[in-house]
Amino acid sequence: MDKIEKLKILASAAKYDVSCATSGSQRESTGGLGSAVSAGICHSFADDGRCISLLKVLFTNHCIYDCAYCANRRNNDIPRAAFTPEELVDITINFYRRNYIEGLFLSSGVMRNPDYTMARLTKVVKDLRLVHRFNGYIHLKAIPGADDALIREAGLYVDRMSVNIEIPSEENLKYLAPEKDYNSVLQPMHLINEAQQEYLPVRRNSKPAPKFVPAGQSTQLIIGATPDSDNQVLRLASNLYTENRLKRVYYSGYIHTNTSDSRLPALVAPPLKRENRLYQADWLMRFYEFRVDEIVDDTHPDLDLELDPKLAYALRHPEIFPVDIQKANLHTLLRVPGIGPKSARLILSARRYGNVSSYLLKKMGVVMKRARFFITCRELGGRKAPDYQPDHLRMMFLDKSARKLTPDTVQLKLF
Amino acid sequence: MINYQYDGTFPGFLSAVFEIWDRGRFPARIVPPEVAPGLFEETIEVKTADDRAGRVWKGIAKAGGKQLCQRLMHVFLSRESGVEDLMLFILRQLFDNKKNVAGDLSVEEVLRFTQMERKVLREVHRLYMFLRFEQTADGTWFAPVSPKYDVLPMTLNHFESRFSDQSWLIYDTVRKYGYYYDAKVVEEITIDNPAFDKETGSLPLEAQSADEQQWQQMWRSYFKHIAIKERANPRLQRQFMPKRFWKHLTEKR
Ligand code: SF4
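The structure displayed is predicted, hence computed values, not measured ones. (Residues numbered from 1 in each chain as written. Chains lettered and ligands numbered in written order. Predicted model: local features only at pLDDT ≥ 70, side-chain atom pairs only at ≥ 80, totals over all residues. Heavy atoms only, no water.)

> Could you give me a rundown of the overall build of chain A, with the residues and numbers involved?
Across its full length, chain A holds 17 helices and ten strands. Looking at chain A residue by residue over its 415 residues, the buried ones come to 57%. Excluding contacts between residues fewer than 6 apart, the proportion of contacts in chain A whose partners are at least 24 apart in sequence is 67%. For chain A, the exposed area adds up to about 18,000 Å²; of that, 53% sits on carbon and sulfur atoms. (Helix = DSSP H or I, 4+ residues; strand = E, 2+ residues; numbered from the N terminus. Buried < 20%, exposed > 50% of the residue type's maximum accessible area, 1.4 Å probe, protein only. Contact = heavy atoms within 4.5 Å. Areas by Shrake-Rupley, 256 points an atom, 1.4 Å probe, with all protein chains shown as cover.)

> How would you explain the interface of chain A and chain B if you had to name every residue and give the values?
Counting residues at the interface gives 55 residues for chain A and 50 residues for chain B. For the pair chain A and chain B, the summed buried surface comes to about 4,800 Å²; carbon and sulfur atoms form 59% of the total. At the boundary of chain A with chain B, the tally comes to six salt bridges. The salt bridge involving Lys363 of chain A is made with Glu108 of chain B; its shortest N-O contact spans 3.8 Å. Inspection of the chain A/chain B interface yields 26 residue pairs in polar contact (both at pLDDT 80 or more). Secondary structure elements with two or more residues in the side of chain A that touches chain B: α1 (3-12), β1 (44-45), β3 (54-58), α2 (85-97), α8 (272-287), α12 (341-350) and α13 (358-363) of chain A. (Buried area = accessible area lost by both parts, 1.4 Å probe. Salt bridge = Lys/Arg side-chain N within 4 Å of Asp/Glu carboxyl O. Polar contact = N/O pair within 3.5 Å; in protein donor to acceptor, adjacent residues only side chain to side chain.)

> An account of empty space enclosed by the protein is needed here, citing residue identities and associated values.
Overall, the coordinates contain two cavities of 30 Å³ or more when judged by the stated rule. In this model, the largest cavity occupies a volume close to 80 Å³. What lines the largest cavity is a set of eleven residues, and nearest its centre among them are Cys51, Ile52 and Lys56 of chain A together with Tyr222 and Ile226 of chain B. Residue assignment for the lining of the largest cavity shows that the elements contributing at least two residues are β2 (51-52) and β3 of chain A. Residues belonging to the lining of the largest cavity are distributed by class as follows: seven nonpolar, one polar and three charged. Of the volumes computed, that of the second largest cavity is approximately 60 Å³. In terms of lining residues, the second largest cavity is bounded by Arg126, Leu127, Phe130, Leu131, Pro144, Val145, Ser146, Phe245 and His248 of chain B. Only α5 (108-130) and β5 (141-145) of chain B provide two or more residues apiece to the lining of the second largest cavity. Per element, the largest residue contribution to the lining of the second largest cavity is three residues, and it comes from α5 of chain B. Grouping the amino acids of the lining of the second largest cavity by side-chain chemistry returns six nonpolar, two polar and one charged. (1 Å grid on protein atoms, 1.4 Å probe; cavity = no way out; pocket = protein on both sides within 12 Å on 5 of 7 lines; lining within 4 Å. Points joined across faces, edges and corners; volume = space filled by probe spheres on them. Nonpolar A, V, L, I, M, F, W, Y, C, P; charged D, E, K, R; others polar.)

> So what's going on with the sheet that holds strand β7 (residues 217-223) of chain A? Residues and values would help.
Residues and elements named next belong to chain A. Read from one edge to the other, the open sheet built from six strands follows the order β3-β4-β5-β6-β7-β8, with strand pairing classed as parallel. Every interior strand has two partners, whereas the edge strands, β3 and β8 (248-253), have only one. The average angle at which neighbouring strand axes cross in this sheet is 20 degrees, direction not considered. Here β7 runs beside β8; their pairing, made up of six bridges, is parallel. Considered in β8, the bridge of Ile222 is made with Ser252. Its contacts with the sheet put α2 on β3 and β4 (103-107), and the angle it makes with β3 is roughly 160 degrees. Packing against the sheet, α8 makes contact with β7 and β8, and its axis sits at approximately 170 degrees to β8. (Pairing = 2+ DSSP bridges. Axes fitted to C-alpha atoms, helices over the stretch in contact; angles between N-to-C directions.)

> Outline the packing of helix α1 (residues 10-23) of chain B against helix α2 (residues 50-64) of chain B, listing residues and values.
All names here are of chain B. At their nearest, the axes of α1 and α2 sit 8 Å apart, and the two run at 80 degrees to each other. Judged by the inter-axis angle, α1 sits roughly perpendicular to α2. Touching Phe10, Pro11, Leu14, Ser15, Val17, Phe18, Glu19 and Asp22 of α1 are Asp50, Arg52, Ala53, Arg55, Val56, Trp57 and Ile60, all from α2. (Parallel < 35°, antiparallel > 145°, perpendicular 65-115°, else oblique.)

> Before we move on, could you go through the site of the ligand and cite the residues and values that matter?
Residues and elements named next belong to chain A. If you check the shell around the ligand, you find Cys63, Tyr65, Cys67, Cys70, Arg73, Gly109 and Lys180 and nothing else. Taken atom by atom, the bulk of the ligand overlaps the second largest pocket. Residues belonging to the shell around the ligand are distributed by class as follows: four nonpolar, one polar and two charged. (Near = heavy atom within 4 Å. Sits in = over half its atoms within 2 Å of the grid points.)

> Outline the pattern of salt bridges, listing residues and values.
Residues and elements named next belong to chain A. Applying the stated rule across the entire model yields 34 salt bridges over all chains. Residues Glu198 and Arg152 are paired through a salt bridge, measuring 2.9 Å at the closest nitrogen-oxygen approach. Taken as a pair, Glu198 in helix α6 (residues 182-203) and Arg152 in helix α4 (residues 148-155) lie far apart in primary sequence, 46 residues in all. For Glu198, a relative accessible area of 42% puts it in the partly exposed group. On the accessibility criterion, Arg152 (27% relative accessible area) is partly exposed. Within the structure, one salt-bridge network assembled from shared partners comprises Asp66, Arg73, Asp261 and Arg263.

> How would you sum up helix α7 (residues 212-225) of chain B? Please name residues and give values.
Here α7 of chain B spans 20 Å end to end across 14 residues, near enough to the 20 Å set by a 1.5 Å rise per residue. Where α7 of chain B is concerned, the buried positions are Glu212, Trp215, Gln216, Met218, Trp219, Ser221, Tyr222, Phe223 and His225 of chain B. (Expected span 1.5 Å × (residues − 1).)

> Which residues make up unusual backbone geometry, and what are the values?
In this model, Phe321 of chain A is joined to Pro322 of chain A through a cis peptide bond whose omega is 0 degrees. With a phi close to 50 degrees, Arg245 of chain A is a non-glycine residue in the positive phi region. Note that Arg245 of chain A resides in the loop between α7 (230-243) and β8. Residue Arg245 of chain A is classed as partly exposed on the basis of its relative accessible area of 45%. A positive phi is found at Arg79 of chain B, a non-glycine position, where the angle reads about 55 degrees. Note on placement: Arg79 of chain B falls in the loop between α3 (66-77) and α4 (83-95).

This is the structure:
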């Protein structure tokens, strides 16, 4: 089988991994090829609109396991392929030299056993760094069950390492992938986190010290393959951020590929809307200082699909509004629908020079269509926001697309 | 109101600034060469003088810092109509009122200045994203570009550090100049009789290295297979990757 054919199979097999970020790592050029830019660069956008930043492939789609939700499971009758380390290095370098990519995102099915697979992956990243002096970005999957020493070695050559949890609760993981358990996934995560902490103090020395996974780790959760609630999903994510210091949690709407497996729901389309709401909630936790229990809890276990979670929060908490633009602190400003982290900081710096008008707010990027119901500023008076009626606002802010789908509007159009 | 008309170059702009303060006359405007002067307005044609421009440049650096110099340069590259007014506003505050207002976003002009700078920097970033090299038969890597603003010079550091061990040529097919890097130094060049396609900048087959087509084919195949069909979203794709870049993109050509 030639390289082109292998690439076709192993790219298709890798496409369900949604992570694409290349941020958070700065690698100066050291005379070899490449550099990593800390902000990250997308080089193209695929037909599904997703960023293409890294050459995202599997080393092989052979697998000894049989996870129900995975296209590469042992019992699927599909074309299989495996790269040699040399082929993969060659493709990476040639794509990089043409400015197609920022680097490599390498994952794999489990061939023979976890140690064997992990050793192959490590050989690829080691050759790239040591033989070809490649300074581009490398994101490597750690293979659960592989020897600690192998994972530790690979960590010295890569920018990011990740282990996918995939199923948001252990009981459902065991149902769909009886050969797996949470421990096998969480254990390498702890290991990476630990090793990162060990290498940290070394980095303060003036001489260049080895870095261990400098861009941190990430994981992915599949949404909609199991009945797990958003509460379950987001609490897990929140724990991963705080306890294992993950940089990113990705959410991937389940796509019904293994149609013959009755343990899986026969979704006609991936739950993209829910996925989107989860990303919004995730942003609230990472950049808006929201705690997870402010977004979902036992009484509201699932996100409102028709309303973004920040607005939903505002409507549940009329007592904190309206917010005074001239006085509110950052934490409070960030809670106002229509104000983002950027504009919140602009407000803080602009109001030192005087009053902030609604015109200026607009210029700063505040979405006044939303924000005006929740703030007071110079001309929007000190009135106690009479427009503030949660039910009324809810109707107003319902996603246009969501409204279109309701039978009522269809009827209106008909008559 | 006096119009100081300059030649459209950055030193020309700085020379105009010099003259305004030299003559001590406000109200004044600096206008680009393509603007026709109004019937009853006085218009002075500014001669570009490098020594004067240099003095102004140093003056700005001293009063406002290197960063302000850089920001003015970025905004100038936008070539949007009215940039001269915004720049002059900031310089007037700096020289006459001894205030560097460039950070005060509550001032309308500064906000617009900042927004224009952002547009220019975005174009720089898009070159980082969408530039594509093809390997020529002699081993040089060639990339045609056609950015909205004249930002190619601003990208050189990035490409030099990233592709430091390969010789490359990046060419602006609209402004008809480019930079050649021989794996040691970068120099500006122009090409009189280009062998590449004038519109897309692509190389004819005989000018390409032996395996160039194979790699391009692999990239196109990768591009096609990495997309999830169930999530096709051409609108989003176009939004992130505007059509004007497609003619240079291997995967979209
Ligand atoms: S171990 Fe990974 S590749 Fe193998 S079947 Fe399970 S999810 Fe798929």
